[in-house]
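Fold and contact review
One-letter residues, chain by chain:
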Amino acid sequence: LSLSFMLDDFDDLPRAASSPIWTILTSSRGYVYYRPLSHIAEKLPYLVQGYYDPFWYHLLPLIFHALNGWLVYLLARRLAGAWAAPWAAILFLAYPFSYQVVPWVGAVMHPLMVFFALGAILAYYEGRRRSSPWWYALAAVSALLALPAHENGVLVGPMVVVLELYMWRTGAVSRPSARCLGLMAPAVAFQGLWWLIPKQSQPWSFDPNSLKLNALFFLQGLVYPVAGELEGLGRALAVPGENLVWVALPLSVAVLGVAYFLRKAFLFFSLSLSWFALAVLPAWAFLSYAYVID
């Protein structure tokens, strides 16, 4: 909590603190993205204290990260049982998908978005189980609040659809309900607002080299921890370690596919592989390799 500010904090925090809330809500303030809820969260400690206190600024993302760990526990307990829930929460807290949530104040957008996303998924589960319109309403509000925190909030709708299919597949519900598609509506509405808000232009051009290097980078994540051994193996074989990724990838996926098939869990494997592809696709296609590796 006494850690210094770092990286983009020196630009983001003063910009948030000096901007009126109405300005934050109605413009991107020179950014290429639109995340008003996160910028308001960055503004609040300064608004209360009148100066930049690292203690409170670091405490804010840590509080949300802790709450997210609790929500992961509650969701895992419902989906996988009491034995799995503590392990899911511990793994999430110790190894968050966005490692920046712990040391970097400017990354508060990530735990904030995840808080509302998990809240929406958990509320939908309870609404489906109890047939409660109040829980459905809470899910819709949470899904809506995830969007102005970070663009990844658009994934809440698809995740709820996956949850609906999972509940049907496991027998938690007798048949799928189209009600889950309603959680797509907040993303559609927010998309219209996102296009209306003036933002800094960010031209995109086709970059074959970035596509190749981005693929190499993300696929190493897919074959972790095998990828960690490829550099040493490459030295032993006098072959560049990155070239071995293209060999390790199909072998690893094939071995995992067979293992899950034999355990009668190939659907889970297919969903996991599809989710990986969906998660990395935007960054792979639209970001330069220099940005991705940075």
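See the structure shown above.
Residue numbers run consecutively from 1 along every chain, following the written order of its sequence. Thresholds applied to this predicted model are a pLDDT of at least 70 for local features of residues and 80 or more for the giving and counting of side-chain atom pairs; totals over whole chains, interfaces and linings are not thresholded and use all residues. The side-chain quantities take in all heavy atoms of the structure and omit both hydrogens and water.

Let us now look at the packing of aromatic side chains. In this analysis, rings of Phe, Tyr and Trp, with Trp reduced to its six-membered ring, are considered paired at centre separations within 6.5 Å, and the interplanar angle assigns stacked below 30 degrees, edge-to-face beyond 60, and tilted for intermediate values. The tally for this structure, following the rule as stated, stands at 15 aromatic pairs. Residues Phe 55 and Trp 56 carry aromatic rings whose centres are separated by 5.0 Å and whose planes lie at 80° to one another, so their mutual orientation is edge-to-face. Note on Trp 70 and Tyr 73: the rings are 5.2 Å apart at their centroids and 15° apart in plane angle, and the pair reads as stacked. Of this pair, Trp 70 and Tyr 73 both sit in helix α4 (residues 54-80), three residues apart, which is roughly one turn of that helix. Here's how the labels work: a residue is buried when its accessible area is under 20% of the maximum for its type, exposed when over 50%, partly exposed in between, all with a 1.4 Å probe on protein chains only. Here Trp 70 falls in the partly exposed class, since its relative accessible area comes to 49%. Two conditions define a charge located above a ring, namely a distance within 6 Å from the ring centre to NZ of Lys or CZ of Arg, and an angle within 35 degrees of the ring normal. Note that Arg 35 overlies the ring of Tyr 33, its terminal NZ or CZ placed 3.7 Å from the centroid. Strands here mean DSSP runs of E at least two residues long; helices mean DSSP runs of H or I at least four residues long; both are numbered from the N terminus.

With that out of the way, let us pick up unusual backbone geometry. The general pattern is negative phi for most residues beyond glycine and trans for most peptide bonds. For the bond running from Tyr 224 to Pro 225, omega is 5°, close enough to zero to count as cis. Turning to its location among the elements, Pro 225 is positioned in the loop between α10 (208-222) and α11 (227-237). One non-glycine residue, Leu 7, lies in positive phi territory at about 50°. Position of Leu 7 relative to the elements: it lies in the segment before α1 (9-18). Exposure remark for Leu 7: the relative accessible area of 57% places this residue in the exposed category. Here the phi dihedral of Lys 264 falls at roughly 55°; this positive angle occurs in a residue that is not glycine. Its location among the elements puts Lys 264 in the loop between α12 (241-262) and α13 (266-286). Judged by its relative accessible area of 80%, Lys 264 is exposed.

The N-to-C vectors of helix α6 (residues 109-130) and helix α7 (residues 133-146) enclose an angle of 160°; their axes lie 7 Å apart at closest approach. As judged from the angle between their axes, α6 and α7 are roughly antiparallel. As α6 packs across α7, the resulting crossing turns out to be left-handed. Two secondary-structure elements touch here, α6 through Met 113, Phe 116, Ala 117, Gly 119, Ala 120, Ala 123, Tyr 124, Glu 126, Gly 127, Arg 128 and Arg 130 and α7 through Trp 135, Tyr 136, Leu 138, Ala 139, Ser 142, Ala 143, Leu 145 and Ala 146. Axis definition: a line fit to C-alpha positions, over the contact stretch in the case of helices; interaxial angles, taken between N-to-C directions, run 0 to 180 degrees. For classification, angles of less than 35 degrees are called roughly parallel, those exceeding 145 degrees roughly antiparallel, those between 65 and 115 degrees roughly perpendicular, and all remaining angles oblique. If you view the pair so one helix is near and one far, a crossing is left-handed when the near helix is turned anticlockwise from the far one by less than a right angle, and right-handed when it is turned clockwise. In this analysis, two residues are considered to be in contact whenever any of their non-hydrogen atoms come within 4.5 Å of each other.

Okay, the packing of helix α3 (residues 36-49) against α4 next. In the contact formed by α3 and α4, the axes pass within 10 Å of each other and the chain directions differ by 145°. Taken as a pair, α3 and α4 cross one another with a handedness that is right-handed. In contact with Ala 41, Glu 42, Lys 43, Pro 45, Tyr 46 and Gln 49 of α3, α4 contributes Trp 56, Tyr 57 and Leu 60. Residues are grouped as follows: nonpolar covers Ala, Val, Leu, Ile, Met, Phe, Trp, Tyr, Cys and Pro; charged covers Asp, Glu, Lys and Arg; every other residue, Gly included, is treated as polar. Class assignment of the residues belonging to the contact of α3 with α4 gives a composition of six nonpolar, one polar and two charged.

It is worth spelling out the nonpolar core at this point. Grouped together as the largest cluster of nonpolar side chains are 35 residues, with contacts concentrated most on Leu 112, Tyr 124, Val 156, Val 160, Leu 163 and Leu 183. Every element with two or more residues in this core is listed here: α4, α5 (85-94), α6, α7 and α8 (156-169). What Val 160 contacts, discounting residues up to four positions off in sequence, is Ile 121, Tyr 124, Cys 180 and Leu 183. With nine residues, the next largest nonpolar core counts Val 223, Ala 227, Leu 230 and Ala 248 among its residues. Only buried residues count toward a nonpolar core. Its members are Ala, Val, Leu, Ile, Met, Phe, Trp, Tyr and Cys residues joined through side-chain atoms within 4.5 Å.

Along α5, the residues classified as buried are Ala 85, Ala 89 and Phe 92. All buried residues of α5 lie within an arc of 65° about the axis, which places them on one face of the element. Along α5, exposed side chains directed more than 90 degrees from the buried face belong to Trp 87, Leu 91 and Ala 94. Check the buried side of α5 and you find it contacts α4 and α6. The arc in question is the one traced by the directions running from the helix axis out to the C-beta atoms.

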